[in-house]
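An overview of the molecular structure
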Amino acid sequence: MVMKLEWSRSAACLDLDPELFFPISLQGAGHSQVERAKAVCRGCPVRRPCLDYAVSSGQTHGVWGGTDPEQRRSLIPRAMPPPGNAPARSLRGGR
């Protein structure tokens with residue numbers, strides 16, 4: 001699948017150090033780094049396409065579209081249960 005990334009040319013982070021958006025940890029000093037990255041995203045004209053890209057491509061690290069990995073996990077739709085796990089319907093006529 002080919003994803004169009006033209007939107008990224010208008011991103012507020014385009015000329016910033018990418019390391020700001022990929023902290024080593026989300027705790028301690030990494031937490032303040034995440035907050036600085038999210039502040040950049042808040043003013044970004046392409047925040048939504050960035051977030052859509054991150055969710056659809058399964059980005060598990062970094063700040064994308066103003067969200068951290070934990071926030072993006074909550075945006076991913078839950079998978080449908082496998083076929084055959086639904087309760088059986090009763091048959092007409094008691095069969």
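Residues numbered from 1 in each chain as written. Predicted model: local features only at pLDDT ≥ 70, side-chain atom pairs only at ≥ 80, totals over all residues. Heavy atoms only, no water.

Section: the overall build of the chain
Scanning the chain from N- to C-terminus turns up 3 helices and 0 strands. Sequence-ordered secondary structure for the chain, helices as α and strands as β, is α-α-α. A total of 95 residues make up the chain; the buried ones form 27% of that total. (Helix = DSSP H or I, 4+ residues; strand = E, 2+ residues; numbered from the N terminus. Buried < 20%, exposed > 50% of the residue type's maximum accessible area, 1.4 Å probe, protein only.)

Points about the packing of aromatic side chains
Considering all chains together, one arrives at 3 aromatic pairs under this definition. Both rings, one in Trp7 and one in Tyr53, keep their centres 6.1 Å apart while their planes meet at 50°; by these two values the pair is tilted. Residue Trp7 is found in the segment before helix H1 (29–42), and its partner Tyr53 is found in helix H2 (residues 47–56); the two are separated by 46 residues along the sequence. The burial state of Trp7 is the same as that of Tyr53; both residues are buried. Aromatic side chains Tyr53 and Trp64 sit 5.5 Å apart centroid to centroid with 50° between the ring planes, which places their arrangement in the tilted category. In this pair, Tyr53 is assigned in helix H2 and Trp64 in the loop between H2 and helix H3 (69–73), connecting sequence segments 11 residues apart. In this pair, the class of Tyr53 matches that of Trp64, namely buried. Members of the aromatic cluster, connected to one another through ring pairs, are Trp7, Phe22, Tyr53 and Trp64. (Phe/Tyr/Trp six-rings, centres within 6.5 Å; stacked < 30°, edge-to-face > 60°.)

A few points about the pattern of salt bridges
Following the criterion strictly, the structure yields 2 salt bridges and no others. Of the charged contacts, one joins Lys38 and Asp68 as a salt bridge, the two residues approaching to 3.1 Å between their closest N and O atoms. Separated by 30 residues along the polypeptide, Lys38 in helix H1 and Asp68 in the loop between H2 and H3 bring together distant segments of the chain. Across the pair, exposure class does not vary: Lys38 and Asp68 are buried alike. Between Arg48 and Asp52 there is a salt bridge whose closest N-O contact spans 3.0 Å. With a gap of 4 residues between them, Arg48 and Asp52 both fall in helix H2, about one helical turn apart. Given a relative accessible area of 56%, Arg48 falls into the exposed group. Judged by relative accessible area, Asp52 falls into the partly exposed class, the value being 36%. (Salt bridge = Lys/Arg side-chain N within 4 Å of Asp/Glu carboxyl O.)

Quick look at H1
Relative to the 20 Å expected for 14 residues at 1.5 Å per residue, H1 spans 20 Å between its end C-alpha atoms, a close match to the ideal helical length. Packed against the buried residues of H1 are H2 and H3. (Expected span 1.5 Å × (residues − 1). Contact = heavy atoms within 4.5 Å.)

Considering the side chain of Asp68
Classification of Asp68 as buried rests on a relative accessible area of 13%. In this structure the side chain of Asp68 is engaged in a polar contact, spanning 3.0 Å, whose partner is the backbone nitrogen of Glu70. Residues in contact with Asp68, not counting those within four places in the same chain, are Val34, Lys38 and Gly62. (Polar contact = N/O pair within 3.5 Å; in protein donor to acceptor, adjacent residues only side chain to side chain.)

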